[in-house]
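# What the coordinates show
Here is what each chain is made of, one letter per residue.
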Amino acid sequence: MIVKNLKGKIGNILRDEFPTLKSRLPNLWTRSYYCETIGCISEETIEKYIENQKNV
């Protein structure tokens, strides 16, 4: 719930600051997010997650 609210607020701020986003991108974020403790995740894991988001 916290991440969803944060994404919503940031999306509103970005659309206010950059009005062209309203027409170019109907959704700024996907519904998912990734959470992992620092130190237990590799850069490769993060890159794989980002690449997989492009297919969602």
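An account of the accompanying structure is given in this report. A quick note: this is a predicted structure, and the numbers were derived from the prediction, not measured.

### As for the overall build of the chain
Within the chain, the regular secondary structure consists of 3 helices and 0 strands. For the chain, the N- to C-terminal ordering of α and β elements is α-α-α. Considering only C-alpha atoms, the chain reaches an extent of 40 × 25 × 15 Å along its principal axes. Here the chain holds 56 residues, and 9% of them are scored as buried. Entry remark: accessible area of the chain is about 5300 Å², with carbon and sulfur atoms responsible for 58%. Both charge centroids of the chain, one from 9 positive and one from 7 negative side chains, sit 13 Å from each other.

### Notes on the layout of surface pockets
In this model, the largest pocket occupies a volume close to 160 Å³. The wall of the largest pocket is formed by Val3, Lys4, Lys7, Gly8, Trp29, Thr30, Arg31 and Tyr33.

### A short note on the environment of Lys54
Along the chain, the position of Lys54 falls in the segment after helix 3 (43-53). For Lys54, a relative accessible area of 59% gives the class exposed. A C-alpha to C-alpha distance of 9.6 Å links Lys54 and Thr30, two positions 24 residues apart in sequence.

### Some words on the pattern of salt bridges
Scanning all chains against the criterion turns up 1 salt bridge. Across the pair Glu44 and Lys48 runs a salt bridge whose closest N-O atoms are separated by 3.4 Å. On the criterion of helical spacing, the pair formed by Glu44 and Lys48 is a turn pair, its members being 4 residues apart in helix 3. Note on Glu44: relative accessible area 49%, which makes it partly exposed.

### Some thoughts on helix 1 (residues 2-17)
Each turn of an α-helix holds 3.6 residues, which means side chains three or four residues apart point in the same direction. Over its 16 residues, helix 1 runs 23 Å from end to end, which matches the ideal 22 Å to within 8%, given 1.5 Å per residue. Every buried residue belonging to helix 1 is among Lys7, Gly11 and Arg15, and all of these are buried. For helix 1, the angular spread of the buried residues around the axis is 60°, confining them to a single face. Exposed residues lying more than 90 degrees from the buried face of helix 1 are Ile2, Lys9, Ile13, Asp16 and Glu17. Those residues of helix 1 that are buried are in contact with helix 2 (20-24).

Rules behind the numbers
Residues numbered from 1 in each chain as written. Predicted model: local features only at pLDDT ≥ 70, side-chain atom pairs only at ≥ 80, totals over all residues. Heavy atoms only, no water. Helix = DSSP H or I, 4+ residues; strand = E, 2+ residues; numbered from the N terminus. Buried < 20%, exposed > 50% of the residue type's maximum accessible area, 1.4 Å probe, protein only. Areas by Shrake-Rupley, 256 points an atom, 1.4 Å probe, with all protein chains shown as cover. Lys, Arg positive; Asp, Glu negative; His and termini not counted. Charge placed at Lys NZ, Arg CZ, Asp CG, Glu CD. 1 Å grid on protein atoms, 1.4 Å probe; cavity = no way out; pocket = protein on both sides within 12 Å on 5 of 7 lines; lining within 4 Å. Points joined across faces, edges and corners; volume = space filled by probe spheres on them. Salt bridge = Lys/Arg side-chain N within 4 Å of Asp/Glu carboxyl O. Expected span 1.5 Å × (residues − 1). Arc of directions from axis to C-beta. Contact = heavy atoms within 4.5 Å.

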